[in-house]
Structures are given as structure tokens and as C-alpha cells.
Amino acid sequence: MQRAGRHGRQPPEGGLMENGVGQEPGTPEPPAGPGPAAPRAPRARPRLVFHTQLAHGSPTGRIEGFTNVKELYAKIAEVFDISPTEILFCTLNTHKVDMQKLLGGQIGLEDFIFAHVRGETKEVEVTKTEDALGLTITDNGAGYAFIKRIKEGSIINRLQTVCVGDSIEAINDHTIVGCRHYEVARMLRELPRAQPFTLRLVQPKKAFDMIGQRMRSSKSPGEARVASGKETLRLRTQGPAVLEEGPSPSEEEAARRVDDLLESYMGIRDSELASTMVEAAKGSPSVAQLAQGLDSVLGEFAFPQEFVAEVWAAVCHPKGDKE
């Protein structure tokens, strides 16, 4: 089998607008002359093509024509002749289980997409000796919640079989496939102390020779060029994807602060949710108006008032980084 280490490190001018414009080459211009102007044909949209591989090793595929994460997974699955439900999550520009490179709601036009698929299933018995398990959970936007971070010294950290990147498939044989990350976090918080429970986990598939083939210190020209442009394709839960300028450094920093707050208050991380909340806070002159705005678009989260106040302060009155 061909390995990703031999194929995807230099994507061919990666993820790009083919032809660069919305009009096919050779399309004739409408004739000029007197008389009523003919109706102008709608401008064709740029053709955005992205390159992809399976993270454990595969040839390079090309995908296009998706507007949300579920459609993206379907396109990847079609290229590699697998089921979309095999895909646990995707990372950008690295085959590794790197939670800092997770595909969220935005893809840079030069980003290379690696799909991490289902590997082995394992069951782990856990006894909740403390209120917090030490897990941060996120989800892939297509039905799978998985572990994004494990707190050092926590209950889960002491279980060597549980790893970052593991998808949580069931709690006490109750399937949670299709649940959002905040729902799974709530279920785990509500489990009683001192009573053992079982987690069924699915780990991402790994190639036996991945480390030997891919642990290289130098970047290929393709990797060095990745994410150099500002334009990104923003995927939306509802409506079509849109091409827009990437966030400014200050917006990225505000989203990071809000993501940290989400982890602190709710045990989840979600960069796209954080970006949405930053946009809402920037347009809200007060905490009360931000609370109303969040309730109208994100009411299912039931954010507590103190959390909303922290979000507003983090976006509108940042105090600087704290480590």
C-alpha cells in the first residue's frame, strides 16, 4: 500500500481555486453593441479543490463541492471507498493526532486534510472518586464526541488505556453516538461518585510504520507553504459555505480565551463555537445583550450568567494572557 509519507507532503499547489477565477477559460465575452442589455448570467463560483489523505496512510485524493462537515466527510469517504461513519475527526496539515490542528469550522485554501478513521474498540471501567474526571471533550460535527485533552494527575490520566483522540462511543452500554460534546460532558458530570461505570472507546487507526516513516524534523516545501494565505472556507451548520478573510490576530486571541472559558466551565473545547461567541460579544454593548443574543442562537447550551459575563469581559475588555 502506498503510504501518506510518500505522497501528501507536497500537495500539488494545494487546496486551491482551480483556474483562480469563477469563469472557465475560453468563455466568450458577451457581445457589445446598441440595444437593450441582455440579462447577465450569474457569475460562476470559484472551484475550490482540497487535497486529502487517510491519516494512517493512503494515496492522495481530491475533494470539492462540500458546504458543511458532514458533506466533507462524505466526500472523503467517497474518495477512499469507506463509510462516512468510519471517520472520527480530521486534522489539518498533519497526520498526527494533534488536537491543536483539528479541522473546525474553517479551512484555509492551502490546507491539506488528514482523515482519522476508526481503529480498535476498547472498554474501560472507571470509578469516579472526584467530581471531575479530568476530560475535555469536543466533537467532529458529524455525530462523534472524542477526547481532546486529559488533565495531568486526574482520574482519567491514571488510566493508561485512555488516550487523547479516543472517540467515546458509549457510557455504561448507552450509546452516545449523535450527541453533541456538551451533552456528553453533562452525562459524565452527572454520574454518581464511588460508583464504577464503563466507557466504550474507539481509538483512531494507526499505521504500524507511521513513526519510522514520518517523524521528520524538516518540513517539505508543501508544509512550509501551508496556511500562508488569509482566505478561508467557512463551513456552516446551516446554509452554504462562504469564502472569507481569515480572523485577525486579535480575533484569534479572543476566540482562544473564550475556548479556555468553555473548557473551564463546561469541560468542552470548540473553536467554532468560541468564534461564534466572539462575534456575538463584539456586537453586544452589555453583558445583558450578549446573554440575550447567545440565548437566541445557542439556547441549548443554557450558559450560566457568570459565564456570559466572563465571555463578554474576555472579548471586550481583555486583561492580557495568564499562564
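The protein chain goes by GIPC3 protein in an unreviewed UniProt entry, where it is assigned to Grantiella picta. Quoted straight from UniProt, the Sequence similarities (unreviewed entry) entry for the protein chain says "Belongs to the GIPC family."

Turning to helix α1 (residues 69-80), a few remarks are in order. In an α-helix, one turn spans 3.6 residues; hence positions three or four apart end up facing the same way. A rise of 1.5 Å per residue sets the reference length of α1, with its 12 residues, at 16 Å; its end C-alpha atoms lie 17 Å apart and thus fit the reference within 8%. Buried within α1 are the following residues: V69, L72, Y73, I76, A77 and F80. Along the axis of α1, the buried positions cluster into a sector of 135 degrees, meaning they face one direction only. The outward face of α1, more than 90 degrees from its buried face, is lined by the exposed residues K70 and E78. For α1, the side-chain oxygen to backbone nitrogen distance between the N-cap and K70 is 3.2 Å, and the N-cap itself is N68. Within two residues after α1, D81 carries a phi angle of roughly 55 degrees, on the positive side.

Core analysis: the largest hydrophobic core is formed by 46 residues, its most contacted members being I168, I171, V184, L188, L262, M277 and F303. For L188, the residues in contact, after removing those within four places along its chain, are K128, L133, L135, I137, I168, I171, F197 and L199. In this structure, F66, L103, I107 and I113 belong to the second largest nonpolar core, which totals 28 residues.

Taken as a whole and judged by the stated rule, the model has 12 salt bridges. With a shortest N-O distance of 2.6 Å, E253 and R256 are connected by a salt bridge. In this pair, E253 and R256 are both assigned in helix α5 (residues 249-266), 3 residues apart and thus about one turn of the helix distant.

On to the environment of S264, then. Mapping S264 onto the fold places it in helix α5. Spatially, the C-alpha atoms of S264 and T136 are 9.1 Å apart, while their sequence positions differ by 128 residues.

Along a regular strand, successive side chains alternate from one face of the sheet to the other. When you tally the buried positions in strand β9 (residues 167-171), you get 5 out of 5 residues, the bulk of the element. As paired strands, strand β8 (residues 145-150) and β9 are joined by 2 bridges and run antiparallel to one another. Residue pairing for β9: A145 is matched across the bridge by I168. Bridging between β9 and strand β11 (residues 196-204) involves 4 bridges; their strand directions are antiparallel. Counted as the bridge partner of S167 is V202 from β11. Sheet topology places β9 next to strand β10 (residues 174-175); 2 bridges connect them, and they run antiparallel. Looking at the pairing, A170 lines up with T175 of β10.

Here is what the cut-offs are and how they apply
- Residues numbered from 1 in each chain as written.
- Predicted model: local features only at pLDDT ≥ 70, side-chain atom pairs only at ≥ 80, totals over all residues.
- Heavy atoms only, no water.
- UniProt positions renumbered as here; feature names shortened; annotations may be inferred.
- Helix = DSSP H or I, 4+ residues; strand = E, 2+ residues; numbered from the N terminus.
- Expected span 1.5 Å × (residues − 1).
- Buried < 20%, exposed > 50% of the residue type's maximum accessible area, 1.4 Å probe, protein only.
- Arc of directions from axis to C-beta.
- Polar contact = N/O pair within 3.5 Å; in protein donor to acceptor, adjacent residues only side chain to side chain.
- Core = buried A, V, L, I, M, F, W, Y, C linked by side-chain atoms within 4.5 Å.
- Contact = heavy atoms within 4.5 Å.
- Salt bridge = Lys/Arg side-chain N within 4 Å of Asp/Glu carboxyl O.
- Pairing = 2+ DSSP bridges.

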